Amino acid sequence: MDKDFDHAVEVVRQYDKDRYLSALLAPEAHRPGLMALYAFNVEIARVRESVSEPLPGEVRLQWWRDLLEGTEHGAVASNPVANALLQTIETYKLPKHGLIAMTEARIFDLYNDPMPSLNDLEGYTGETVSGLIQLACYVLNNGEEPKVATAAGHAGVAYGMTGLLRALPWHATRQQLYLPKDLLDRHGVDPQSIFKGQMTAELGAALTEMRGHIRHHLERVRQAVDDVPKPCRNAFLPLALVEPFLKKMETPGFDLLKQSVDLSQLRRQWILWRTSNKSFSAI
């Protein structure tokens, strides 16, 4: 790998441990492409953390969209993630519309608007996470159309929603809420109580329903297992961590607003390694 791909590996290692560990279990020839994709995802997912207000964030996301659409940017040569991504697009003939859709979906992150509905949340996780899984499958399938839309769709929603639940206390500190408004309203949850860090019975019921939705999508992935080409299965590996995360949330007395939902790196590595060496349905 050249220095651009080396940099991408470091970005993923630092900010996206699950995908970093899973990519290490992929065929060596495809690891650089996976790391470039995952580093791009980190870059656009962390835009809000690098700006003080939404407008500069929109400018940064527009920079990525322009790059993907072929507009020249003088700063590209000095952006190793962009260089690695462009090389990966060329090598694997990646469909750029999926990458562009990811940047457009991330505009939501820049504002504190409520997530309107469960359908909207599924759409958001579909664009940001399912799309990434499909693109990773292109890499693992050596640039050939992987035809994994159904499995990737459900996998992205399950993994994406789990990640948002894990990040709930962090998002609450900045008055941002990804839990869908229709679900909160159904359970009588006052968003202000979440922002204050108060775990209520109403919120507990809403979180239970959310975990049920996640498990529904997880089961749909298992049902679609036969449609996923074997070379593509590494892209789904992080999904093996969803159930352990959910079970930790369900520990008696666990307060999602005050406690971290995490696993040791050793346990993560073991779960991912075990899953990579077992039947894909073990996810």
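See above for the structure.
Residues numbered from 1 in each chain as written. Predicted model: local features only at pLDDT ≥ 70, side-chain atom pairs only at ≥ 80, totals over all residues. Heavy atoms only, no water.

1. Side note on a positive patch on the surface
Reasoning step 1: A surface patch of positive charge is lined by K247, K248, R267, R274 and K278.
Reasoning step 2: Among the secondary structure elements, those contributing two or more residues to the positive patch are α13 (242-249) and α14 (265-276).
Reasoning step 3: Within the secondary structure layout, K248 lies in helix α13. (Patch = residues over 30% accessible without salt bridge, like charges linked within 9 Å, V, L, I, M, F, W, Y side chains within 5 Å. Areas by Shrake-Rupley, 256 points an atom, 1.4 Å probe, with all protein chains shown as cover. Salt bridge = Lys/Arg side-chain N within 4 Å of Asp/Glu carboxyl O. Lys, Arg positive; Asp, Glu negative; His and termini not counted. Charge placed at Lys NZ, Arg CZ, Asp CG, Glu CD. Helix = DSSP H or I, 4+ residues; strand = E, 2+ residues; numbered from the N terminus.)

2. Comments concerning the packing of aromatic side chains
Reasoning step 1: Under the defined criterion, the tally for this structure stands at five aromatic pairs.
Reasoning step 2: The interplanar angle of 65° and the centroid separation of 5.2 Å between the aromatic rings of F40 and W64 together place this pair among those described as edge-to-face. Residue F40 is found in helix α3 (residues 31-45), and its partner W64 is found in helix α4 (residues 54-69); the two are separated by 24 residues along the sequence.
Reasoning step 3: Residue F40 is classed as buried on the basis of its relative accessible area, which comes to 0%.
Reasoning step 4: Judged by centre distance (5.9 Å) and plane angle (55°), the ring pair of F108 and Y124 falls under tilted. One end of the pair, F108, is in the loop between α6 (96-105) and α7 (118-140); the other, Y124, is in helix α7, and 16 residues separate them in sequence.
Reasoning step 5: What links up through ring pairs into an aromatic cluster is the set F40, W63 and W64. (Phe/Tyr/Trp six-rings, centres within 6.5 Å; stacked < 30°, edge-to-face > 60°. Buried < 20%, exposed > 50% of the residue type's maximum accessible area, 1.4 Å probe, protein only.)

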